[in-house]
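# Structure at a glance
Below, each chain spelled out in residue letters.
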Amino acid sequence: MEVYTGGAFQGKLEYVLGKKGYNKEIVLEGDAVNPLTDISRYKIINHFHEFIRNYADRPEVINNFADMLISEREGIIIITDQIECGIVPLDRKEREWRELHGRVMCRLAGNAKHVERIICGIGQVIK
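The rules behind these values
- Residues numbered from 1 in each chain as written.
- Predicted model: local features only at pLDDT ≥ 70, side-chain atom pairs only at ≥ 80, totals over all residues.
- Heavy atoms only, no water.
- Pairing = 2+ DSSP bridges.
- Helix = DSSP H or I, 4+ residues; strand = E, 2+ residues; numbered from the N terminus.
- Axes fitted to C-alpha atoms, helices over the stretch in contact; angles between N-to-C directions.
- Buried < 20%, exposed > 50% of the residue type's maximum accessible area, 1.4 Å probe, protein only.
- Arc of directions from axis to C-beta.
- Contact = heavy atoms within 4.5 Å.

## Let's talk about the pairing of strand S6 (residues 122-125)
- In this structure, strand S5 (residues 114-119) lies alongside S6, joined through four bridges in antiparallel fashion. From the neighbouring strand, isoleucine 118 faces S6, where its bridge partner is glycine 123.
- In textbook terms, the turn of a hairpin is the stretch between consecutive antiparallel strands, and for S5 and S6 this stretch comprises two residues, one of which, cysteine 120, has a positive phi near 55 degrees.

Encoded structure:
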């Protein structure tokens, strides 16, 4: 597994596609993922934070999906916005989503063979 993170609109998907030589046909958007989605034909899940947002009220679904990615999808690439920085939202649900996202991404990054942060379209290797 590989994880690419960074702020919104930093060129993460374009960076990964260019680096890997992939096209957009193998990209699954995070808001289209559900626990029953067959992700076997995809190499990239983009906007993974949107999947977490959609299921934030069901953390067991997110954790089970993360477990599946770790154990069954060794070559998957996860692209996510870094949403934990900045002003802490007043809305409790927004704070819970950000915390859940951070915890899940720590697990995924900890199990990834490669992690990069993308800033202005430039990769910075973390792991």
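## Concerning the sheet that holds strand S4 (residues 77-81)
- The six strands lie next to each other as S2-S3-S4-S1-S5-S6, forming an open sheet whose pairing is mixed. With one partner strand each, in any of the chains shown, strand S2 (27-29) and S6 form the two edges of the open sheet. Mean inter-strand twist for the sheet, computed between neighbouring axes without regard to direction, equals 25 degrees.
- Where strand S1 (residues 2-6) lies against S5, four bridges are found, and the strand directions are parallel.

## Examining helix H1 (residues 12-20)
- When H1 is considered as a whole, its buried residues turn out to be Lys12, Leu13, Val16 and Leu17. Buried residues in H1, looked at end-on, bunch into an arc of 125 degrees, giving them a common side. Exposed residues pointing more than 90 degrees away from the buried face of H1 are listed as Glu14 and Gly18.
- Turning to H1, the residues buried within the fold contact S1, S2, strand S3 (44-46), S4 and S5.

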